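# Chains, contacts and geometry: an overview
Listed here are the chains, written in short residue letters.
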Amino acid sequence: MNNPDLRHLELRQLRYFIAVAEEMHFGKAALRLNMTQPPLSQAIQSLESFLGTALFIRTTRHIALTPAGIALLPEARRLLEQANNLRQLAQQAAAGARGHLSLAFVSVADYSILPPTLRAFRQSHPDVSIELREATTDVQLDALEKSEIDAGFMIPPLPEKLQQILYYQKILTEPLMLAAPEQILPRDKPVKMENCPDLPLILFPRKIAPSLHDAILGHFHAAGMTPVIGQEAIQMQTIVGLVSAGMGIALVPQSVSNLQRPGVVYHPIEHAAPAVEIGIVWRKDNPSAVLASFLQLLHTTTC
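A few points on the structure. (Residues numbered from 1 in each chain as written. Predicted model: local features only at pLDDT ≥ 70, side-chain atom pairs only at ≥ 80, totals over all residues. Heavy atoms only, no water.)

### Focus on the pattern of salt bridges
Close approach of charged atoms allows side chains of opposite charge to pair. For the structure on display, the rule yields nine salt bridges. Residue Arg12 pairs with Glu10 through a salt bridge whose shortest N-O separation is 2.5 Å. For Glu10, a relative accessible area of 36% gives the class partly exposed. It is possible to trace a salt-bridge network through shared partners that takes in Glu22, Glu23, Arg32 and Arg77. (Salt bridge = Lys/Arg side-chain N within 4 Å of Asp/Glu carboxyl O. Buried < 20%, exposed > 50% of the residue type's maximum accessible area, 1.4 Å probe, protein only.)

What follows is the structure in C-alpha cells.
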C-alpha cells in the first residue's frame, strides 16, 4: 500500500478526531464543534481511510480508541498546537523578535560595548539565537562583502570601495592608555609620552587596524620619539600578555584596563591622549528584521 500524501491531511480532521477522542461520544463532540453528527462521522471515516486504519472501536453503546487511535492522539494534539503557534511565530519573526543574528567583533569591543549590548539584547529578545565570531576588521569586511555575517563591531575607516554596499555607525570613542610592565613607572600615575619607558612597542599590524596603528605611532612621533616595534599581535589579550611577560609596552583602549594581568600596570596619558573609535557595520541590502531590532537597541543604548 502506498504511503498517504500528507499534503491532503487537513487540520480540521485532526481537530475533529481530538474532540471525539476526548468526549468519547460523537453527539457530544459534534455539539462541542458546533456541527451536526453526520458530517463529523464522515470526517472521521475520511481520516481513517486516509491513514489506512480504524481509529475508533464503535459499538451501539459506546466507542473506544484503537491502538492506532491511542498512538495518534498525542501527535494530533502536538500538530494542532504547532499550527496554532504559526501565526505568533510569523509575527515575531517579522518584528525581529525571533530568528538568528550573526555578529563579528574586534577584541577591543569585547572590553567595552559588546557585553552590555548583548546582555540587553538577550533580555529583550530571548528567542533570537546569536552567533558570535571574534575577527579583525579586515576579516569582518570580507565576511560582510560575502554576506557571511549580519554585522560587525570594527575599527574604522570603512574602505571606499565598500561604502556603496555597507553602512557604518559610530558607537564610541575612548582614549588610549599606556600598558607597561609593573615597577617601570609609578603605579596609577599619568605619564607623559616623553617619559615612556625605553622599551619595544607592542602593536597591532597596520593591515588590520590602520587608523589605530597610525594614531599610536603618530602620537609617539608628535612627542619626538620613534619607537622600536618589538612584537605585533592582533588580539588585545595577547598584547597585554606580552606586556605582562616584560616584552615591551603598548597603548591600549581605556576599557582594556579591565583586563587585569599580573605584571601589568595601566597609566593614563597626559596631554591629548590618542583615541580609538569603534563602530558597527552592516550591509545596506540586509533585510533581517532581527538585525534591525539589534541596531535599534544599539542606537537607543548608546545615544
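### So, the side chain of Thr117
Relative to the helices and strands, Thr117 is located in helix H5 (residues 114-124). Relative accessible area serves as the criterion here: at 3%, Thr117 is assigned to the buried category. A distance of 2.8 Å separates the side chain of Thr117 from the backbone oxygen of Ile113, its partner in a polar contact. In this view, Thr117 contacts Phe294, Leu297 and Leu298; residues no more than four positions away in its chain are not counted. (Helix = DSSP H or I, 4+ residues; strand = E, 2+ residues; numbered from the N terminus. Polar contact = N/O pair within 3.5 Å; in protein donor to acceptor, adjacent residues only side chain to side chain. Contact = heavy atoms within 4.5 Å.)

### Regarding the nonpolar core
Counting 63 residues, the largest nonpolar core has Phe153, Leu178, Tyr266 and Ile280 as its most contacted members. Here this core gets seven residues from one element, more than from any other, and that element is strand S6 (residues 166-181). Counting 22 residues, the second largest nonpolar core, distinct from the first, contains Phe17, Ala19, Phe56 and Leu80. (Core = buried A, V, L, I, M, F, W, Y, C linked by side-chain atoms within 4.5 Å.)

### A few points about the packing of aromatic side chains
Overall, the coordinates contain five aromatic pairs when judged by the stated rule. With a centroid separation of 5.6 Å and 55 degrees between ring planes, the pair formed by Phe17 and Phe56 is classed as tilted. Here Phe56 lies in strand S1 (residues 56-58) and Phe17 lies in helix H1 (residues 11-23), a separation of 39 residues in the sequence. Using a relative accessible area of 0% as the deciding quantity, one classes Phe17 as buried. With a centroid separation of 6.3 Å and 80 degrees between ring planes, the pair formed by Phe153 and Phe294 is classed as edge-to-face. One end of the pair, Phe153, is in strand S5 (residues 151-154); the other, Phe294, is in helix H9 (residues 289-302), and 141 residues separate them in sequence. Take Phe153 and Phe294: they sit in the same class, and that class is buried. Ring pairing ties together the aromatic residues Phe17, Phe26 and Phe56, which thus form one cluster. (Phe/Tyr/Trp six-rings, centres within 6.5 Å; stacked < 30°, edge-to-face > 60°.)

### Regarding the layout of surface pockets
Quantified by volume, the largest pocket comes out at close to 190 Å³. The residue inventory of the lining of the largest pocket, partitioned by class, reads nine nonpolar, one polar and five charged. Counted as a void, the second largest pocket has a volume near 170 Å³. In this structure, the second largest pocket is lined by Met24, His25, Phe26, Gly27, Gln37, Ser41, Gln45, Arg58, Thr59, Arg61, His62 and Ile63. At the level of secondary structure, the elements contributing two or more residues to the lining of the second largest pocket comprise helix H2 (26-32) and helix H3 (37-51). (1 Å grid on protein atoms, 1.4 Å probe; cavity = no way out; pocket = protein on both sides within 12 Å on 5 of 7 lines; lining within 4 Å. Points joined across faces, edges and corners; volume = space filled by probe spheres on them. Nonpolar A, V, L, I, M, F, W, Y, C, P; charged D, E, K, R; others polar.)

### Considerations on H1
Under the 1.5 Å per step criterion, the end-to-end length of H1 is 18 Å for 13 residues, consistent within 8% with the ideal 18 Å. Restricting attention to buried positions, one finds in H1 the residues Gln13, Leu14, Tyr16, Phe17, Ile18, Ala19, Val20 and Ala21. Within two residues after H1, Met24 carries a phi angle of roughly 50 degrees, on the positive side. (Expected span 1.5 Å × (residues − 1).)

### Description of the pairing of strand S4 (residues 127-134)
Note: strand S3 (residues 98-105) against S4, eight bridges, orientation parallel. Directly across from Arg98, in S4, lies its bridge partner Asp127. Between the parallel pair S3 and S4, the chain is carried across by H5, and the sense of this crossover is right-handed. (Pairing = 2+ DSSP bridges. Right-handed = clockwise from strand over helix to strand, strands pointing away.)

What is shown is where atoms sit, not what they do.
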